[in-house]
Amino acid sequence: MSHTPEEQDHIPTSKVQRATKFLGAGAKVGGNYIKHYAKKIVNPSLSKEELHENNAQDIYTSLSQLKGSALKVAQMMSMDKTMLPGAYQDKFTMAQYSAPPLSYPLVVRTFQKAFGRTPEALFDTFSTSAVNAASIGQVHKATKDGKTFAVKVQYPGVAESVSSDLKMVRPFAYRLLNMNEKEMDHYMDEVEEKLLEETDYELEVQRSQEIAAACRHLPHLNFPNYYPALSTARIITMDWLEGAHLKEWLQTSPTQEARNQIGQALWDFYHHQVHHLKQVHADPHPGNFIIQAGVTLGIIDFGCVKVIPEDFYRGYFSLIKKESLLNEAELNQIFFDLDFISDRDTPAEQAYFKGVFKEMIALLGRPFHGETFDFAQDSYFQQIYTLGDRVAKDKMFRQSRQARGSRHGLFINRTYFGLYSLLNQLGAHISTTKPMWLA
C-alpha cells in the first residue's frame, strides 16, 4: 500500500482508558446519524452510503488504536460479505495486515520484560519499524548467525483486555451484525475462548509445530520453523519466508495452472486438518498466507486453531452428503443434534428453520457434490451473499427465542467461508476431495 499507517507510541491498556475510547467512537457514530438525518430532511433521496463510510472510518480509527480483541472482531466480520455494508468491509479488512504499528520503544519494552534484553542484544539485526501490523501483534524482520527471522510481538495489554473488550464491542456488533441478544450470547463464549488462545503465543508455537509437521507431506506447501528459545508468551520467532501476499501475487497475472496449483494446495491443507487431524487453522484470511517461488503456498500464522469435537464433526459433515437431503429422519436428528431446531420450537418454526437450513446446506455443500469445482463462478458466490442477506433480514431469525446452530459451527463455518473466498479470488478450478465415509 502507498500509505503507511502512523506509528502509535501508546496503547490504552486499563479498562477505563479503553472504555473511554469506545464511548468516544460511539459518540462519533451517534453524531454521524444526526448529520445524516439532518441532510435527509433537505434531500429525502439521500442514501446511507456516506453514513456507512463515516461510521466505518470512525469505528476503525478507534479500534485500530485500541488493537486487540475489538479490532480482531472487526477483521473477522470483514471476511463475510453477507455481514456488513461494503464501506465497513473495505475499512475493517485493513485490520488483517495494515493496522497502525506500535512504535519501537514499546517493542523494546516488551522484549526487556520477556527476556531482560533488548532486541539488538538478542539478534544481529532487528528492524525498528514493523513490516506487518495486525490486530493482536506486529511482525519485525531480524537476523542472527546468517539466518533471517520473522519476529511477532504482541501488543501490550491485549491478553488482559479480551473479556472486557468483548463486552464493550457488543453494542457495535448488535447494530452491525443485526443479531439478537440470544445469538450474540451463544457465540461470544466461543469467540472469547479463541481470542484468549490467540494471545497465548506459547500455545501458538506448539500448535504451529504440530500442524506443520502433520502437513509437510502435502504438495506445494511450505511452513516456517519455530524457535521456542527465542519465543515467549508474548513473542514468537520463526523463519522468515519470502513471498507475496495473494493480492500482490494476483497482480502479476499468474497462469490459470498456477492459480489452480495454489488453490489445490489450500484445499488439500484444509482437507487434511479437518478430516485427519480434527483441528484446523481457523483464520483463512489473505494475511496468513504468502505465495513463494515455485508456486508454493507458505503458511505463516497459526494464531487461531479450532479443535473439532468428534460428535460435531460427524453431524456437520454428514450434511454435505447429497443423500442426506432426501433422508428426512437422519436430517431431523442432525438438525436437533446441531441445535438448528429444538423441542422448544413450534411445528411451524421447525418446518420453517428446516427449510432455510436445507437451502443453506445444499448451497454451501455444492463444491463437495462433484469431483471438481470451479471457484471462479461469481454467480455461485452471489447466491451465497443473496441467501445470507435474506436470512439476516428475516424476522423469524431476528425474533427467534433461541440461538440457531452449535457454537462449534461458528469457526468451522468461518473457516470454509474464508477458504471459499480465497479460492474465488484465485479463480481456482480444483479437485474437491472428501473423506471416504462421505463419498
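See the structure above.
Residues numbered from 1 in each chain as written. Predicted model: local features only at pLDDT ≥ 70, side-chain atom pairs only at ≥ 80, totals over all residues. Heavy atoms only, no water.

It is worth spelling out unusual backbone geometry at this point. The residue Asp145 is not glycine, and still its phi comes out positive at about 50°. Relative to the helices and strands, Asp145 resides in the loop between β3 (137-144) and β4 (147-154). One non-glycine residue with positive phi stands out, namely Asp339, at about 65°. The topology assignment puts Asp339 in the loop between α13 (328-337) and α14 (347-364). By relative accessible area, Asp339 is classed as partly exposed at 37%. (Helix = DSSP H or I, 4+ residues; strand = E, 2+ residues; numbered from the N terminus. Buried < 20%, exposed > 50% of the residue type's maximum accessible area, 1.4 Å probe, protein only.)

Moving on to the pairing of strand β9 (residues 296-299). Burial of β9 is two-sided: the residues Thr296 and Gly298 facing one way and the residues Leu297 and Ile299 facing the other way are all buried. Here 2 bridges tie strand β5 (residues 221-222) to β9, and the two strands are oriented parallel to one another. Directly across from Asn222, in β9, lies its bridge partner Gly298. Bridge count for strand β8 (residues 289-292) against β9 is 4 bridges, and the pairing is antiparallel. Within β9, the position partnered with Gln292 by the bridge is Thr296. (Pairing = 2+ DSSP bridges.)

A few words on the nonpolar core. Residues Trp249, Leu266, Phe269, Leu297, Leu423 and Leu426 are the most contacted members of the largest nonpolar core, which totals 78 residues. Looking at this core, you find at least three residues from each of domain 2 (103-154 + 200-240) and domain 3 (242-438). The contact partners of Leu297, leaving out residues within four places of it in the chain, are His220, Leu221, Asn222, Ile262, Ala265, Leu266, Phe289, Ile290 and Ile291. Counting residues in hydrophobic clusters, the runner-up holds 13 residues, among them Val108, Phe111, Phe149 and Val151. (Core = buried A, V, L, I, M, F, W, Y, C linked by side-chain atoms within 4.5 Å. Domains from an automatic or database assignment. Contact = heavy atoms within 4.5 Å.)

Applying the stated criterion to the full structure yields 16 salt bridges. Arg407 serves as the salt-bridge partner of Glu190, at 2.4 Å between the closest nitrogen and oxygen. Of this pair, Glu190 sits in helix α8 (residues 181-198) while Arg407 sits in the loop between α16 (395-398) and α17 (409-426), and the two are 217 residues apart along the sequence. Its salt-bridge partner being Asp283, residue Arg414 comes within 2.7 Å of it at the nearest N-O pair. With Arg414 in helix α17 and Asp283 in the loop between β7 (279-281) and β8, this pair connects stretches of sequence that are 131 residues apart. The exposure class of Arg414 is buried, given its relative accessible area of 11%. A relative accessible area of 1% places Asp283 in the buried class. (Salt bridge = Lys/Arg side-chain N within 4 Å of Asp/Glu carboxyl O.)

Turning our attention to helix α15 (residues 378-392). A rise of 1.5 Å per residue sets the reference length of α15, with its 15 residues, at 21 Å; its end C-alpha atoms lie 21 Å apart and thus fit the reference within 8%. The complete set of buried residues in α15 reads Tyr380, Phe381, Ile384, Tyr385, Leu387, Gly388 and Val391. The buried residues of α15 all sit within an arc of 160° when viewed along its axis, so they share a single face. (Expected span 1.5 Å × (residues − 1). Arc of directions from axis to C-beta.)

As a further point, take the side chain of Ser231. Structurally, Ser231 is set in the loop between β5 and β6 (235-239). Here Ser231 falls in the buried class, since its relative accessible area comes to 12%. Within polar-contact distance, the side chain of Ser231 engages the backbone nitrogen of Thr237 at 3.0 Å. Once residues lying within four places of it in the same chain are set aside, the contact partners of Ser231 are Phe115, Val205, Ile236 and Thr237. (Polar contact = N/O pair within 3.5 Å; in protein donor to acceptor, adjacent residues only side chain to side chain.)

What follows concerns the packing of aromatic side chains. Overall, the coordinates contain 28 aromatic pairs when judged by the stated rule. A centroid spacing of 5.1 Å and a plane angle of 35° characterise the contact between Phe312 and Tyr316, whose relative ring orientation is tilted. Of the two residues, Phe312 and Tyr316 both sit in helix α12 (residues 310-318), 4 residues apart, roughly one turn of that helix. Owing to a relative accessible area of 5%, Phe312 belongs among the buried residues under this scheme. For Tyr316, a relative accessible area of 16% puts it in the buried group. The aromatic ring of Tyr201 is capped on one face by Lys152, whose charged end is 5.1 Å from the ring centroid. (Phe/Tyr/Trp six-rings, centres within 6.5 Å; stacked < 30°, edge-to-face > 60°. Lys NZ or Arg CZ within 6 Å of the ring centre and 35° of its normal.)

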